[in-house]
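# Topology and contacts: notes
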Amino acid sequence: MTPVVFLACVSIILGHVHGALKLASYYSDHMVLQRGPQQAVLWGFANTEGDTVTAQAMGQGSAVTSKVQNGKWKLMLPAITNPGPFTIDVKSHDGHVTLHDVLFGDVWLCSGQSNMEFEMKKVMNASTEIQKGLTFQTIRYMKTQWAQSNTTVEDLQVGQQWTVPTEATLKEFSAVCYLYAEYLQSHLNYPIGLIGSYWGGTPIEAWSPPEATRVCPVVTHSYVDCCPHDPHVLWNAKIYALRAMTMYGVLWYQGESNADHTAEYDCQQKAMIREWRAQFNRESMGQTRADFPFGYVQLGAIDDKGYVGGFPALRWSQTANHGYSPNSDQHNVFMAVAMDLPDFQSPYIAIHPRYKQEVAQRLVKSALNVAYGHKGVKFQGPFPTKILTSGNTLTIEFDAGSAHLDIRNTHGIEICCSGSCNMINNAIAAPITAHSQSSVTVDSSGCGSQHVQVVRYAWRTSPCHLLQCAVYDSVTGLPAPTFYLTVPQGGGLIG
């Protein structure tokens, strides 16, 4: 590449830059900054200590200033709800930076392992989905580079700089992340910015800061030597530098690489969420909420072999052992169930199902209620609230009697008898023998005269074929999630 062409490329990537004044690497033309009432944070580097840096969204409010300290500066723009586009002008004695075609909307960070990384070009009906995606010109996205580090990286490496949707870039971007924004935008009617920072085959420890890992038990995983797995290395290289950018929320699709140590995941995920929230809030000068919405995808299925394995217990740990999110241990956390969306014939192997549209639709339902306060949106499948015992039967009531059940088969509910229950062993099948609008009755004769200690549901790595688990909501079509519940002596309310 000739020097002239190279300089032209740099100008396109970074906006118009003159002098030593610089923005952090992920600020560029075509980006989305967080809209009001939050204030977007800009930060970067300069040479002259104590110099004044001035920034302004041209035509939208007054200029704001900051001082250079230790070679860095940081400032907050006024709260802006006008979507734009705007030109952002930043200047000091060290130079002048201009960003063009900047929109204001909600910024979501999408992170995790390979099912978050799974690209648009691989989903079902990929060509149609990509062509549709190109019409959403106020959804913008960027990706971090594949990088790991044993120490924190102040300014991360950008893999794909901010862009409007183009066929070349959209086909390589996260399907769950983009489809989520596409489905969500019709409810918001303003821009959405997406930051993709993910890496397949990676455990939660690699994405967690030291403050999170030190409060949870240390575990040793068995890994194929393909992907970063040491604690903190992806937090250091792919998350740490993003903390100062004002964001609305996070989407997380991860867990497969932690299914060998399921009990610890409850602590690990709660600690990671807590530390991400605290550090993003602090470094954004309070503009990213201290309880920002955190949405995750519960583990899907991986094959059609019918064994228990570690996935059911990991799904349970993902919910902090409640079975659903949000809950008393997971404030402002929401979930999409994916166990009933297997793709056993996936050309990308079955652990990577192509049905990302359904995953994104379920995430949006949850986000509308939890993250955006649309309380009329029903976002959870049926969940047990009462178990009654009578002879050789159990009656399981869902949603305090308000459920509208769609029973698609009679299998999937199992029981454990007194003294024989754990999350790994096979239990006794308790087929559904009858059901009403809000409850199912199951055969518990397998325990004989023993007390039924635990009822569990969908407790298999791959519990059913596509959309064919046993219990769904007949109105929303949402599945009941995996559950593992202790049966009160004599029956009664759950929890």
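This text follows the structure it describes.
Residues numbered from 1 in each chain as written. Predicted model: local features only at pLDDT ≥ 70, side-chain atom pairs only at ≥ 80, totals over all residues. Heavy atoms only, no water.

## Side note on the overall build of the protein chain
A tally of regular secondary structure across the protein chain gives 10 helices and 26 strands. Taking 23 Å as the expected radius of gyration for a compact globule of 495 residues, we find that the protein chain reaches 24 Å, a close match to that expectation. Taking the principal axes of the C-alpha coordinates as reference, the protein chain spans close to 85 × 45 × 40 Å. The proportion of buried residues among the 495 residues of the protein chain is 57%. For the protein chain, the computed accessible surface area is about 18900 Å², with 52% contributed by carbon and sulfur atoms. Here the protein chain holds 32 positive side-chain charges and 38 negative ones, and the gap between their average locations is 3 Å. (Helix = DSSP H or I, 4+ residues; strand = E, 2+ residues; numbered from the N terminus. Rg over C-alpha atoms; globule rule 2.2 N^0.38 Å. Buried < 20%, exposed > 50% of the residue type's maximum accessible area, 1.4 Å probe, protein only. Areas by Shrake-Rupley, 256 points an atom, 1.4 Å probe, with all protein chains shown as cover. Lys, Arg positive; Asp, Glu negative; His and termini not counted. Charge placed at Lys NZ, Arg CZ, Asp CG, Glu CD.)

## As for the environment of Gly-196
Residue position: Gly-196 is located in strand S12 (residues 192–198). Here the alpha-carbon distance between Gly-196 and Phe-173, two residues 23 residues apart in the chain, equals 7.7 Å. Setting aside anything within four residues of it in sequence, one finds Gly-196 in contact with Cys-110, Met-142, Lys-143, Thr-144 and Phe-173. (Contact = heavy atoms within 4.5 Å.)

## Comments concerning the sheet that holds strand S22 (residues 439–443)
As summarised here, the arrangement of the five strands in space is S21-S22-S17-S16-S26, forming an open sheet in which the pairing is antiparallel. Edge positions in the open sheet fall to strand S21 (432–435) and strand S26 (491–493), since each of these has one partner strand only. The average angle at which neighbouring strand axes cross in this sheet is 20°, direction not considered. The sheet contact formed by S21 and S22 spans three bridges and is antiparallel. Looking across to S22, one finds that Ile-432 is bridged to Val-442. (Pairing = 2+ DSSP bridges. Axes fitted to C-alpha atoms, helices over the stretch in contact; angles between N-to-C directions.)

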